[in-house]
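Tertiary structure, described
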Amino acid sequence: MENATLIKVNDLVVEYAADKKTVQAVNGVYFELRKGETLGLVGETGAGKTTIAKAILGILPDPPAKVRKGEIEFDGQDLLKLSGKKMSHIKGNEISMIFQDPMTALNPIMTVGKQISETIRLHNKMSKAEAGVEAVKMLELVGIPGERYNEYPHQFSGGMKQRVVIAMALACKPKLLLADEPTTALDVTIQAQVLDMMNNLKQELGTSVLLITHDLGVVAEMCDRVAIVYAGEIVEIGTAEDVFDRTAHPYTKGLFQSLPALESTEKRLKPIKGMMPDPTELKPGCKFYDRCPYASEECKAEGMRARDLGNGHLVLCKKTEEVM
Amino acid sequence: MARDAKSNKPKSQAIEIMKRLAKNKLAMLGLVVIVLMILVAVFAPWIAPYRFEEQNMEAVYLSPCKEHLLGTDKLGRDILSRLIYGARQSLRIGIFSVAIGAVLGTALGAVAGFYGGRTDNIIMRILDIYQSIPGMLLAIALAASLGPGVNNAIFAVGISTIPVYSRIIRASIMTVRDKEYIEAATAINASDFRIITRHVLPNSFAPLIVEITMNIGNSILMAATLSFIGLGAQPPSPEWGAMLSDGRNFMRDYGYLVIYPGICIMASVLSFNMLGDGLRDALDPRLKN
Amino acid sequence: MGTILEVKNLKKYFSTPKGELHAVDDISFKIEEGKTLGVVGESGCGKSTLGRTILHLLESTSGRIIFDGEDITKVNKKKLREIRENMQMIFQDPFASLNPRMSVRETIMEPLVIQGKLSKTEIEAETEKLMETVGLARRLADSYPHELDGGRRQRIGIARALALNPKFILCDEPVSALDVSIQAQILNLMLDLQEERKLTYIFVTHDLSVVKYISDEIMVMYLGQMVEKASSDELFRNPLHPYTKALLSAIPVPDVHAKKERILLKGEITSPINPKPGCRFAARCLYATKRCASTQNVAEISEGHFVACHAAVENKKKEEVKEL
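So, here is what we can say about the structure in this document. (Residues numbered from 1 in each chain as written. Chains lettered and ligands numbered in written order. Predicted model: local features only at pLDDT ≥ 70, side-chain atom pairs only at ≥ 80, totals over all residues.)

**So, the overall build of chain C**
From N to C terminus, chain C includes 10 helices and 12 strands. In summary, chain C has a C-alpha radius of gyration of 21 Å against a globular reference of 20 Å for 324 residues, a match within 12%. Once the C-alpha set of chain C is aligned to its principal axes, its extents read approximately 70 × 55 × 45 Å. Counting the 324 residues in chain C, one finds 48% classified as buried. Contacts in chain C between residues at least 24 apart in sequence constitute 64% of all its contacts with a sequence separation of at least 6. (Helix = DSSP H or I, 4+ residues; strand = E, 2+ residues; numbered from the N terminus. Rg over C-alpha atoms; globule rule 2.2 N^0.38 Å. Buried ≥ 20, exposed ≤ 12 C-beta atoms within 10 Å, placed from the backbone. Contact = placed C-beta atoms within 7 Å.)

Quick look at the structure:
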């Protein structure tokens with residue numbers, strides 16, 4: 001069962017109601033995540049990455065958010081159709097999430113050990129003592145000495161706090177971890193430590209990870225497969241190698257060219273012109289049209305369809321041949 | 001977020017705030033009552049059927065009737081007319097006393113909040129002492145020592161509310177003071193005065209505006225209380241509190257003598273409070289989008 | 001071209017309830033006119049404090065800051081205002097650094113209004129010119145910051161900094177709050193402006209790939225001290241300080257084939273309050289020995305390449321002996 005699908009998101013559409021307008025945050029997203037695999041969800045602010053993750057976990061604020069369409073098939077059941085009780089069992093037990101700012105997940109007036117052991121007890125039948133032992137194990141797993149069980153969150157540095165949050169998220173051995181920019185708030189050397197630790201844990205526990213990030217460097221390091229999100233659509237998805245080496249979408253290409261490369265000696269970057277389209281006024285056809293150097297009339301036509309370039313490398317672009 | 005300004009005509013924030021305020025029904029009701037009150041106060045001589053001090057000894061203690069819609073008092077004065085003229089008094093008291101308190105309080109609070117440290121300590125400790133005396137008691141003491149009269153009541157009420165404004169503006173300035181745009185203003189050589197008046201105060205005003213609106217109501221109430229115990233407006237002035245005080249001895253037999261002024265005080269205070277509440281919501285930047 | 005800014009033994013201490021916080025501790029450097037000095041380091045290393053102390057937005061504890069031949073720590077207020085017209089700043093957060101109640105036009109013209117040298121119509125004309133220079137459409141003049149996206153707001157900040165036609169601009173993480181595609185646009189703009197106006201930049205950032213791209217020279221800071229400084233190419237090719245090495249190896253590279261040796265540092269940054277004498281990095285350093293308890297001053301190892309590390313200096317000596 002090495003490559004069985006764990007979660008399958010199908011034609012997901014999420015909207016936010018804002019004043020009199022509708023923000024089209026997620027517009028028909030498809031993807032699959034296999035067991036033990038890490039999928040990177042890459043995109044810029046407002047592209048809809050976090051909304052996708054929150055929709056999976058069923059924690060979108062409603063109102064203003066509304067899931068209009070789609071299925072999220074997890075272990076054979078559609079999460080969007082589950083009752084609140086069943087969903088809350090899955091939340092934490094089988095799927096858990098970590099956020100960019102570790103403090104949002106930690107209670108400042110409870111010791112970290114207690115927070116972890118309570119999470120464990122919430123989802124497992126265990127005595128306090130057993131949960132305590134388990135919590136110490138978790139702390140050590142994420143590289144925090146067990147002696148720090150009785151310390152409070154403010155006694156930890158940013159990187160250590162994020163480790164605690166990860167320990168808490170993994171305490172119930174979830175099948176899927178949604179990680180929303182887990183290292184963005186950390187310094188590079190600390191980020192390196194945390195990423196290294198996450199990689200080891202993933203292998204040890206076999207957890208699937210949906211890693212949300214804007215950093216292509218982090219993706220290259222962590223992910224088996226990558227999905228590039230633009231204006232609520234996945235414009236390109238494939239194995240990390242395919243997306244990085246055989247880039248097929250002009251937006252993905254633009255992202256790579258916007259990055260100052262460490263080796264290159266070029267004097268100027270090649271930024272993508274313009275800005276992301278207003279999510280309340282999306283046009284049919286290609287959302288990247290206005291910024292795309294390859295765009296032509298035909299790209300404006302409605303009904304964009306993903307094209308399969310083989311090996312699960314899908315791209316939402318009519319000009320792929322020119323881009324590649 | 002990526003809100004493109006393409007379609008946007010230059011839109012001032014004031015208009016947006018007004019739009020948000022307009023959505024709040026209670027606040028709009030309050031605003032309507034306040035506007036009515038202002039109109040009544042301005043056009044009192046034309047609206048009122050009689051002059052407020054006009055006595056008619058043949059028509060004392062009349063119950064509401066056709067000639068005197070709300071009845072008359074012990075001197076035969078028309079209560080409706082007195083209430084209409086009273087709106088002038090109450091608004092004047094409310095606005096001026098709040099103006100005194102707000103201007104002095106803001107100045108003190110702005111200096112304390114912006115400079116911090118020792119300046120802040122000295123100003124705030126003095127205000128602490130000041131605030132350890134209940135506001136009403138302080139106003140009574142001031143009004144008593146200055147002597148009865150509307151102007152003294154205004155002054156007394158104004159002075160006693162200074163610490164409220166100082167605290168609000170200080171707290172809000174302290175959060176604004178550390179913002180990067182204040183540092184940016186220093187970097188382009190803006191003087192302290194310019195920084196306070198152009199950058200700090202405009203961004204700290206929202207809570208003050210709310211407090212001012214609400215306090216107009218309170219001040220009207222405080223002044224009415226002063227008048228009620230004989231330290232505020234003096235006869236024959238038709239201040240609502242004074243009318244209440246006048247009528248209280250005859251409350252059992254002629255209830256309308258206290259009911260109508262009471263309703264006026266309540267309605268005005270309530271209206272200002274509702275408007276204040278609405279403004280608080282409308283000015284909250286978190287509700288912007 | 002000559003030296004425009006020279007900093008000598010600059011110190012900035014803050015007194016805290018726990019003791020003296022050494023935010024900037026004995027830093028010296030020079031910048032040539034028209035060049036860019038990148039200052040890198042992790043959060044809490046004092047890089048932002050260094051910038052603010054140079055601009056005299058913070059009073060220095062001791063040391064000299066010589067700008068254009070004048071020691072700005074010694075001048076009176078009036079003179080300081082004159083000097084400041086030549087030293088401007090671009091801030092990190094394009095959201096927090098603009099007054100939300102001032103329109104684009106008001107914000108950009110404010111420095112000119114304060115300076116009071118131009119008439120009202122001249123100021124209006126100058127403001128329009130500035131908007132054009134930084135690529136802001138004229139129709140945005142009456143917009144307010146909250147109506148604009150991060151990239152445009154940062155352009156406003158740049159226009160404000162340019163208004164007085166300064167010689168020197170301190171850039172405090174000017175692109176770290178922006179998405180990559182927008183970041184590239186702003187970096188290109190800053191380079192164009194530097195060419196046109198012969199600007200000198202100090203570019204404070206934690207992003208090493210950005211600093212490499214924009215800087216002529218790079219200074220690496222650790223806990224308030226300069227640990228290494230060299231030309232941009234030299235620093236990346238031949239990093240000598242163990243901290244610089246770890247920092248460079250920690251950058252996630254957007255390339256799936258890059259399998260590089262990562263130096264994972266032990267632990268996290270120590271406290272800058274009442275630091276012990278000696279090397280501040282020693283606690284996390286893989287090469288630390290007893291001698292690191294004594295202070296190693298910054299030494300020039302090769303031309304323009306400065307480093308503060310016993311091991312690095314010793315290696316150099318050994319090499320020299322071999323050559324002899």
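**As for unusual backbone geometry**
Backbone geometry places Ala231(A), a non-glycine residue, at a positive phi of 50°. With respect to the helices and strands, Ala231(A) occurs in the loop between β9 (225-230) and β10 (233-239). The class for Ala231(A) is buried, based on 25 C-beta atoms found within 10 Å. Phi is positive for Leu223(C), which is not a glycine, with a value near 45°. Mapped onto the fold, Leu223(C) is located in the loop between β9 (217-222) and β10 (225-231).

**Describing the packing of helix α10 (residues 192-228) of chain B against helix α11 (residues 240-247) of chain B**
All names here are of chain B. Contact pair α10 / α11: the axes reach a minimum separation of 7 Å and the direction vectors enclose 35°. Between α10 and α11 lies a crossing of right-handed hand. Residues Ala223, Ala224, Thr225, Leu226, Ser227 and Phe228 of α10 form the contact with α11, whose own contacting residues are Trp240, Gly241, Ala242, Leu244 and Ser245. Class assignment of the residues belonging to the contact of α10 with α11 gives a composition of 7 nonpolar, 4 polar and no charged. (Axes fitted to C-alpha atoms, helices over the stretch in contact; angles between N-to-C directions. Left-handed = near helix turned anticlockwise from the far one by under 90°. Nonpolar A, V, L, I, M, F, W, Y, C, P; charged D, E, K, R; others polar.)

**Concerning the interface of chain A and chain C**
By a frequent convention, interface size equals the accessible area lost on bringing the separate parts together. At the junction of the two partners, chain A supplies 35 residues and chain C supplies 33 residues. For the side of chain A that touches chain C, the secondary structure elements donating two or more residues are α6 (188-205), α7 (216-222), α8 (240-245) and α9 (250-258) of chain A. At 7 residues, α6(A) tops the list of elements feeding residues into the side of chain A that touches chain C.

**Some words on the sheet that holds strand β2 (residues 19-32) of chain C**
Residue and element names in this part refer to chain C. Strand order in this open sheet of 4 strands is β2-β1-β4-β5, and the pairing throughout is antiparallel. Lying at the two open borders of the sheet, with one neighbouring strand each, are β2 and β5 (70-71). As judged from the 11 bridges shared by strand β1 (residues 3-16) and β2, these two strands associate in the antiparallel manner. Looking at β2, one finds that Ser15 is bridged to Glu20. Packing of helix α1 (residues 47-54) onto the sheet brings it into contact with β1, β2 and β4 (62-67), and relative to β2 it is tilted by some 65°. (Pairing = 2+ DSSP bridges.)

**Details of the nonpolar core**
Grouped together as the largest cluster of nonpolar side chains are 251 residues, with contacts concentrated most on Ala167(A), Leu210(A), Ile228(A), Ala153(B) and Ala159(C). Here this core takes 13 residues from α10(B), the largest share from any one element. Among all residues touching Ala153(B), those that are not within four sequence positions of it are Ile93(B), Ala143(B), Ala223(B), Leu226(B), Leu231(B), Gly232(B) and Ala233(B). (Core = buried A, V, L, I, M, F, W, Y, C linked by C-beta atoms within 7 Å.)

**Side note on helix α4 (residues 120-133) of chain C**
Residues and elements named next belong to chain C. The terminal C-alpha atoms of α4, which comprises 14 residues, lie 20 Å apart, in line with the 20 Å expected from a rise of 1.5 Å per residue. Taken together, the buried positions of α4 are Ile123, Thr127, Leu130 and Met131. For α4, the buried positions fall inside an angular range of 100° around the axis, keeping them on one side. Away from the buried face of α4 by more than 90 degrees, exposed residues Thr121, Glu122, Ala125, Lys129 and Glu132 are located. (Expected span 1.5 Å × (residues − 1). Arc of directions from axis to C-beta.)

**Concerning α9(A)**
All of the buried residues along α9(A) are Pro250(A), Tyr251(A), Thr252(A), Gly254(A), Leu255(A) and Ser258(A). Each element contacted by the buried residues of α9(A) is listed here: α7, β9, β10, α8 and α10 (320-323) of chain A together with α6 (180-197) of chain C.

**Some remarks on the sheet that holds strand β7 (residues 168-172) of chain C**
All names here are of chain C. The mixed open sheet is built from 8 strands, whose spatial order is β6-β7-β8-β3-β9-β10-β12-β11. Across the chains shown, the open sheet's two edge strands, defined by having one partner strand only, are β6 (87-90) and β11 (299-302). Averaged over all pairs of adjacent strands, the angle between their axes in this sheet comes to 20°, without regard to strand direction. Here 4 bridges tie strand β3 (residues 36-40) to β9, and the two strands are oriented parallel to one another. Pairing of Gly38 across the sheet is with Ile218, part of β9. In the packing of helix α5 (residues 150-162) onto the sheet, contacts are made with β6 and β7, and the angle to β6 comes to roughly 175°.

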